[in-house]
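Secondary and tertiary structure notes
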Amino acid sequence: MSFLGFGRSQPTSAEKIAAVENEYKVFAEMHSRMVKVCTAKCVDRSYREGDLSKGEAVCLDRCSAKFFEAHQTISEQLQKEGAARGFGGGM
């Protein structure tokens, strides 16, 4: 408990490890969804070449950038809402 009972107590090592593991899991799930969505959108299913075409590469780059930006925006909004409700949002 914090000094005189005000504020939040510091997280324990186990809580810090759990938070990092959870963050890693969320990032891995986001990456998996991004690969699935962007590949379906950008990569030609006929696989005529061993490498990506320039158009496919550009599409994948833009798709992944938009996906990551959307994820960041949503995460920031959820943290703001959590902070407004009194949940500790940051690490």
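Just so it is clear, the structure is predicted and the values come from calculations on it, not from any experiment.

**Brief notes about the state of the cysteines**
- All chains considered together, the criterion is met by two disulfides.
- Here cysteine 38 is linked by a disulfide to cysteine 63, with a sulfur-sulfur distance of 2.0 Å. Since a negative S-S torsion denotes a left-handed disulfide, the cysteine 38-cysteine 63 link at about -85 degrees is left-handed. Residue cysteine 38 is located in helix α1 (residues 13–42), and its partner cysteine 63 is located in helix α2 (residues 54–84); the two are separated by 25 residues in the primary sequence.
- Cysteine 38 gets classed as buried once you look at its relative accessible area, which sits at 3%.
- The disulfide that involves cysteine 42 links it to cysteine 59, with 2.0 Å between the sulfurs. Measuring handedness by torsion sign, the sulfur bridge of cysteine 42 and cysteine 59 sits at about -65 degrees and is left-handed. With a gap of 17 residues between them, cysteine 42 in helix α1 and cysteine 59 in helix α2 connect regions that are remote in the sequence.
- The exposure class of cysteine 59 is partly exposed, given its relative accessible area of 23%.
- Each disulfide in the protein chain links cysteines that, numbered along the sequence, combine into the pattern 1-4, 2-3.

Conventions adopted
Residues numbered from 1 in each chain as written. Predicted model: local features only at pLDDT ≥ 70, side-chain atom pairs only at ≥ 80, totals over all residues. Heavy atoms only, no water. Disulfide = S-S within 2.5 Å. Helix = DSSP H or I, 4+ residues; strand = E, 2+ residues; numbered from the N terminus. Buried < 20%, exposed > 50% of the residue type's maximum accessible area, 1.4 Å probe, protein only.

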